[in-house]
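Per-entry structural report
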Amino acid sequence: MKTKYSITKKIQEARGFVKPKEPIEVHFSKSNVKLAWDDSFDNLPEFAESNGIEVASGCRMGSCLSCESRLIKGTVHYFLEPFTTG
């Protein structure tokens, strides 16, 4: 069985990213679900949906902004900036 190898992981390696020692917790406040981030995913909507959490999304590239969410706590690190038409 072939393991998924994400483009995000390739970018992380190219930029010398060091994986945090502690798991990264993602809290989906509307559904009150907390999950440890799985870095095999390229984006948050894909990660959420794979865990049974419905999220608004349209283009899957970040340009339509329908998946945009408010960050309540923490920081966001982009390895590849979202594509926007703005």
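Coordinates for the structure precede this section.
Because the structure is a prediction, the values reported are computed rather than measured.

What counts and what doesn't
Residues numbered from 1 in each chain as written. Predicted model: local features only at pLDDT ≥ 70, side-chain atom pairs only at ≥ 80, totals over all residues. Heavy atoms only, no water. Helix = DSSP H or I, 4+ residues; strand = E, 2+ residues; numbered from the N terminus. Buried < 20%, exposed > 50% of the residue type's maximum accessible area, 1.4 Å probe, protein only. Contact = heavy atoms within 4.5 Å. Areas by Shrake-Rupley, 256 points an atom, 1.4 Å probe, with all protein chains shown as cover. Core = buried A, V, L, I, M, F, W, Y, C linked by side-chain atoms within 4.5 Å. Polar contact = N/O pair within 3.5 Å; in protein donor to acceptor, adjacent residues only side chain to side chain. Pairing = 2+ DSSP bridges.

A separate point is the overall build of the protein. Across its full length, the protein holds two helices and two strands. Overall, the protein shows an N-to-C arrangement of helices and strands of α-β-β-α. Residue burial in the protein is summarised as follows: out of 86 residues, 19% are buried. Considering only contacts within the protein whose residues lie at least 6 apart along the sequence, 28% involve residues at least 24 apart. A total of about 7200 Å² of accessible surface is found on the protein, and carbon and sulfur atoms cover 55% of it.

A few words on the nonpolar core. The biggest cluster of nonpolar side chains holds seven residues, and these are Val26, Phe28, Leu35, Phe41, Phe47, Ala48 and Ile53. In this structure, Val26 is in contact with Val33, Lys34, Leu35, Trp37, Leu44 and Phe47, ignoring residues within four places of it in sequence.

Another point: the environment of Ser50. Along the polypeptide, Ser50 turns up in helix α2 (residues 44-50). A relative accessible area of 43% means that Ser50 is categorised as partly exposed. Polar side-chain contacts of Ser50 include one of 3.3 Å to the side chain of Asn51.

Turning our eyes to something else, we now look at the pairing of strand β1 (residues 25-28). If a strand is regular, its side chains alternate between the two faces of the sheet. Across the two faces of β1 the burial differs, with Val26 and Phe28 buried and Glu25 and His27 not buried at all. Pairing analysis gives four bridges linking β1 to strand β2 (residues 33-36), with the strands arranged antiparallel. Across the sheet, residue Phe28 finds its bridge partner in β2, namely Val33. Where β1 hands over to β2, the hairpin turn is made up of four residues, of which Asn32 adopts a positive phi near 55 degrees.

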